[in-house]
Each structure stands twice: as structure tokens, then as C-alpha cells.
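# Examination of the molecular architecture
What follows is the residue order along each chain.
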Amino acid sequence: MANAPDRFELFILGEGEQKVTMQPDTRSPNTAIFIFNKEDHTLGNLLRATLAKHDDVLFVAYKVPHPLFATFELRVQTTERTTPKDVVVAACKGLIGELTNLRNNLTREFELKRMAQDDTL
């Protein structure tokens, strides 16, 4: 596509660009909008689903403002017991832990399968 940005622009941060910015939403109490730069539906939906399970989250949704730009906005509203930033940070840490565990399990199974194949030769 002629008007599409170069592929590397979709995931490499430019100089001075931040990965995530937070803007308080003054229309609702305990609400913030997080803008994730150089990310897409993959992370947006994963965070939305994770945050929806949190007891202190009243509302969570994300949107991609334009399909040609790798950015999404995550809107989070929480109870008075916590802040939107705290639940988003906790969700990110939890996802990193889950994905690390998945990677370790896949690596272990791959190595076991390779060892079993080596034994049969």
C-alpha cells in the first residue's frame, strides 16, 4: 500500500516517544485513558480481558483510533479502593508473568521432544 507507513514504524519507538501515556478522564470519577504507542489489538484485547476480571474495575474498553497507526486507547474506571494506573500496572505485571510461564513451558516441551527424537535415532 502506498499510503501505509513503513513496517518498522509500527513497532519501533522514535526518539522522544513514550510507550504509554495516561490522561485523567474528568467526565467520570476514578477514570483514566491510557494511550499505548506502537501497539495494536493484540495487546489491547489482552489487557481489556485481563482488567475485566479485576474486582476493582468498573469499566474497561479499548479502541484503535485509526487502522493505519499502531496505537490504541484503553479506558479504565475503578472503584475508590484503587486507581486506574495501579490496576493497569498490576495487569501488565500479571500478563508478563503468565507469558513468561508459557514461554518456559513451551521451551521445556520443545527440548523434551527434541531429546526424545534424538534417542530414537
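The structure this text deals with has already been given above.
Residues numbered from 1 in each chain as written. Predicted model: local features only at pLDDT ≥ 70, side-chain atom pairs only at ≥ 80, totals over all residues. Heavy atoms only, no water.

### Some thoughts on helix α2 (residues 84–120)
This is how the line gets drawn: Counting from the N terminus, the helices are the DSSP runs of H or I reaching at least four residues and the strands are the DSSP runs of E reaching at least two. Working rule for helices: expected span equals 1.5 Å times residues minus one. Each residue is placed in one exposure class: buried if its accessible area under a 1.4 Å probe, protein chains only, is under 20% of its type's maximum, exposed if it is over 50%, and partly exposed if it falls in between. In this analysis, two residues are considered to be in contact whenever any of their non-hydrogen atoms come within 4.5 Å of each other.
Between its first and last C-alpha, α2 extends 54 Å over 37 residues, near the 54 Å set by a 1.5 Å rise per residue. Every buried residue belonging to α2 is among P84, V87, V88, A91 and L95, and all of these are buried. Buried residues belonging to α2 abut β2 (31–37), α1 (41–52), β3 (57–63) and β4 (71–78).

### Observations concerning the pairing of strand β1 (residues 20–24)
The criterion, for reference: Note: two strands are recorded as paired if DSSP finds a minimum of 2 bridges between them.
In the sheet, β1 pairs with β2 via 5 bridges, with the strands oriented antiparallel. By the bridge assignment, T21 is partnered in β2 with I35. Taking the residues that link successive antiparallel strands as the turn, the β1-β2 hairpin has 6 residues, and the phi of N30 there is positive, at about 50 degrees.

### Remarks on the side chain of N37
Its location among the elements puts N37 in strand β2. With near-sequence residues (within four places) excluded, N37 lies in contact with L13, E17, Q18, K19, A70 and T71.

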